[in-house]
Amino acid sequence: MRSLAIGATGMIAQQLNVETISNNIANSTTTGYKKQRAEFQDLLYQNFRRIGSTSSDAGTIVPTGVQVGAGVRVAAVARVLEQGNLNITDNKLDVAINGSGYFQVTLPSGDTAYSRAGNFKLSPEGMIVTADGYPIQPNITIPANAVDISINSSGEVLIKLDGQTATQNVGQIQLATFANAAGLEATGDNLFMESGASGQAVTGNPGAPGFGRVTQGALETSNVNVVQEITTLITAQRAYEMNSKVIKTTDEMMQQASQMR
């Protein structure tokens, strides 16, 4: 009976749905995390009576036909790029993006990764780096005798040296945008890589047309709504249970058929 296989596809699809939801909930406090959403497609249909076929010599047309579906599959796990809230930290090296764009990060391999997490630190050489020690692009170095660091909304990094009142510009934070940012490949560690689906990176200063602004002393929180995720989780659980009942009912029907004499 087809219902066994159909119910199984439903259970498999809802299992991945639950896994996606659980990952969202697990990262509900991850800086700059963008939630994911499972999207589904119905499978092929078997035609027992084709729609639009003729039903008589007079040329009458079958208006609906008979089609039986084969179940469901996961078509995509899409990333939702809604802006997260800004959490004020008052840390001089915490930088949040308000709008479009990603920080550029140089990996040890020399490749460029992209991130929304702006919880930056200083390396032993004074370079601004990520929590894993990867420098941002362009490289920005803070002198050891700097007593204050200021980052304006346009990404200019200004410092004040000990004994001086005037500020000095020591670098410019740049952002990268993509034609299809949802197509970036997540690699973990709050990092993304460019892919064939994302398109090539376009770089520019914060506040320029098409780019968001940056806010010093703040971090972008995850855009996960925990209450919404719990509601979606309950819905997925019920869908999984119903598909399991389909398999159980089909098994009982087959058992009854096998016991007929």
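Basis of the calculations
Residues numbered from 1 in each chain as written. Predicted model: local features only at pLDDT ≥ 70, side-chain atom pairs only at ≥ 80, totals over all residues. Heavy atoms only, no water. UniProt positions renumbered as here; feature names shortened; annotations may be inferred. Phe/Tyr/Trp six-rings, centres within 6.5 Å; stacked < 30°, edge-to-face > 60°. Helix = DSSP H or I, 4+ residues; strand = E, 2+ residues; numbered from the N terminus. Buried < 20%, exposed > 50% of the residue type's maximum accessible area, 1.4 Å probe, protein only. Expected span 1.5 Å × (residues − 1). Contact = heavy atoms within 4.5 Å. Polar contact = N/O pair within 3.5 Å; in protein donor to acceptor, adjacent residues only side chain to side chain. Pairing = 2+ DSSP bridges. Axes fitted to C-alpha atoms, helices over the stretch in contact; angles between N-to-C directions. Domains from an automatic or database assignment. Buried area = accessible area lost by both parts, 1.4 Å probe. Salt bridge = Lys/Arg side-chain N within 4 Å of Asp/Glu carboxyl O.

Going by what an unreviewed UniProt entry lists, the protein is known as Flagellar basal-body rod protein FlgG and is assigned to Azospirillum ramasamyi. You can read under Subunit (unreviewed entry) in the UniProt record for the protein the words "The basal body constitutes a major portion of the flagellar organelle and consists of four rings (L,P,S, and M) mounted on a central rod. The rod consists of about 26 subunits of FlgG in the distal portion, and FlgB, FlgC and FlgF are thought to build up the proximal portion of the rod with about 6 subunits each." Taken verbatim from the UniProt record of the protein, the Sequence similarities (unreviewed entry) comment is "Belongs to the flagella basal body rod proteins family."

The next thing to look at is the packing of aromatic side chains. A full pass over the atoms with the stated rule returns 4 aromatic pairs. Arranged with centres 6.2 Å apart and planes meeting at 70 degrees, the rings of Y102 and F178 form a pair that is edge-to-face. Of this pair, Y102 sits in strand β7 (residues 102-106) while F178 sits in the loop between β15 (175-177) and β16 (185-188), placing them 76 residues apart in sequence. Aromatic pair Y114 and F178: ring centres 4.9 Å apart, planes at 85 degrees, arrangement edge-to-face. Taken together, the positions of Y114 in strand β8 (residues 112-115) and F178 in the loop between β15 and β16 put the pair 64 residues apart, joining distant regions of the chain. Under the relative-accessibility criterion, Y114 is labelled buried at 6%. Ring pairing ties together the aromatic residues Y102, Y114, F178 and F192, which thus form one cluster.

Our next topic: the UniProt feature "domain: Flagellar hook protein FlgE/F/G-like D1" (unreviewed entry) in the protein. Under the present numbering, the feature "domain: Flagellar hook protein FlgE/F/G-like D1" (unreviewed entry) in UniProt falls on residues 96-158. Counted over residues 96-158, helix gives 0% and strand 43%. Its end C-alpha atoms are 17 Å apart.

It is worth spelling out helix α1 (residues 2-26) at this point. Relative to the 36 Å expected for 25 residues at 1.5 Å per residue, α1 spans 36 Å between its end C-alpha atoms, a close match to the ideal helical length. All of the buried residues along α1 are G7, T9, G10, M11, A13, Q14, N17, T20, I21 and N24. For α1, the elements touching its buried residues are β1 (36-42), β4 (72-79) and α2 (226-258).

Another point: the side chain of N24. The topology assignment puts N24 in helix α1. A polar atom in the side chain of N24 sits 2.8 Å from the side chain of Y33.

Our focus in this paragraph is the sheet that holds strand β12 (residues 146-151). Taken in spatial order, the 3 strands line up as β12-β13-β14 in an open sheet, and their pairing is antiparallel. Only two strands of the sheet have a single neighbouring strand rather than two, namely β12 and β14 (167-172). Neighbour-to-neighbour, the strand axes of this sheet turn through a mean angle of 30 degrees, independent of strand direction. Pairing geometry for strand β13 (residues 156-161) and β14, over 5 bridges, is antiparallel. Within β14, the residue paired with I159 across the bridge is Q168.

Right, let's talk about the domain arrangement of the protein for a bit. Once the domains are mapped, the protein shows domain 1 (1-81 + 225-260) and domain 2 (85-221). In this structure, domain 1 and domain 2 have C-alpha centres spaced 42 Å apart. The junction of domain 1 with domain 2 conceals about 780 Å² of combined surface from both sides, 57% of it contributed by carbon and sulfur atoms. In this assembly, domain 1 and domain 2 are joined by 1 salt bridge. The salt bridge partner of E220 is K34, with a shortest N-O separation of 2.5 Å. Where domain 1 packs against domain 2, one counts 2 residue pairs in polar contact (both at pLDDT 80 or more).

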